[in-house]
Amino acid sequence: MGNLLGSPVTEKETETGVTSSGLEYGVSSMQGWRIHMEDAHICQPEITVPIRAPLNSRIRRREDGNGAASTNVTELSATTAATLASAADSNDTSPSISVAGETIILRDHALFAVFDGHGGSYSAIFSGKNFVRVLVNQPKFQEYAILYNSQKDSAT
């Protein structure tokens, strides 16, 4: 359980905010009886997703020898590829869509988490500092961001 103080540290650190979609949030932490703060948290009011290789998703419309157009989508799941291909097919003014190297900001997505140290701070602090970075660099999460962004753009 770790060493304890003779009396609790009752000063609180508080953070409040509002996401771009209007969600109000707040977090407050207190050290308590522990010698040092063992907990960590994440308040991420929007999620920024860097899209990079090896995802390198490209959609290209091309004509075959008979003048028929086809769409080529590489390295995406069948669902995402079909959605993006459909968007490309309905938009004849954009023959090529490339998302590799772009950044997608998911303004209507937020992430809040608490990591309890349970007698030690290392894993809580590590998780609080690295969770979002690891999440947004996962190929499936990047694929989700591309799909969500393309559906959101086509709805407007």
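Calculation notes
- Residues numbered from 1 in each chain as written.
- Predicted model: local features only at pLDDT ≥ 70, side-chain atom pairs only at ≥ 80, totals over all residues.
- Heavy atoms only, no water.
- Core = buried A, V, L, I, M, F, W, Y, C linked by side-chain atoms within 4.5 Å.
- Buried < 20%, exposed > 50% of the residue type's maximum accessible area, 1.4 Å probe, protein only.
- Helix = DSSP H or I, 4+ residues; strand = E, 2+ residues; numbered from the N terminus.
- Contact = heavy atoms within 4.5 Å.
- Pairing = 2+ DSSP bridges.
- pLDDT = per-residue confidence, 0-100.
- Phe/Tyr/Trp six-rings, centres within 6.5 Å; stacked < 30°, edge-to-face > 60°.
- Polar contact = N/O pair within 3.5 Å; in protein donor to acceptor, adjacent residues only side chain to side chain.

A. Examining the nonpolar core more closely. Ile42, Ile47, Val49, Ile104, Leu106, Val136 and Phe141 are the most contacted members of the largest nonpolar core, which has 16 residues in total. Listed by contribution, the elements that provide at least two residues to this core are strand S3 (40–44), strand S4 (47–50), strand S8 (103–106), strand S9 (111–115), helix H2 (122–136) and helix H3 (139–155). Ignoring any residue separated from it by four or fewer positions in sequence, one finds Phe141 in contact with Ile47, Val49, Leu106, Leu135 and Val136.

B. Representation of the pairing of S8 within the structure. Of the two faces of S8, only one is covered, namely that formed by Ile104 and Leu106; the face formed by Thr103 and Ile105 stays uncovered. Looking at chain direction, S4 and S8 are connected through four bridges and run antiparallel. Note that in S8 the partner of Ile47 across the bridge is Leu106.

C. Spotlight on the confidence of the model for the chain. Predicted confidence across the chain gives a mean pLDDT of 77, with 67% of residues reaching 70 or more. Counting interchain partners and residues more than four positions distant, the pLDDT-below-50 stretch residues 69–74 has 23 contacts.

D. Structural context of the packing of aromatic side chains. Within the structure shown, the criterion is met by five aromatic pairs. Ring centres 6.1 Å apart and planes at 25° place the aromatic pair Tyr122 and Phe126 in the stacked group. Of the two residues, Tyr122 and Phe126 are both situated in helix H2; the distance of four residues between them amounts to about one turn of the helix. The rings of Phe141, Tyr144 and Tyr148 are connected pair by pair, giving a single aromatic cluster.

E. Geometry of the side chain of Gln142. Of note, Gln142 is situated in helix H3. Here Val136 takes part through its backbone oxygen, which lies 3.2 Å from a polar atom of the side chain of Gln142.

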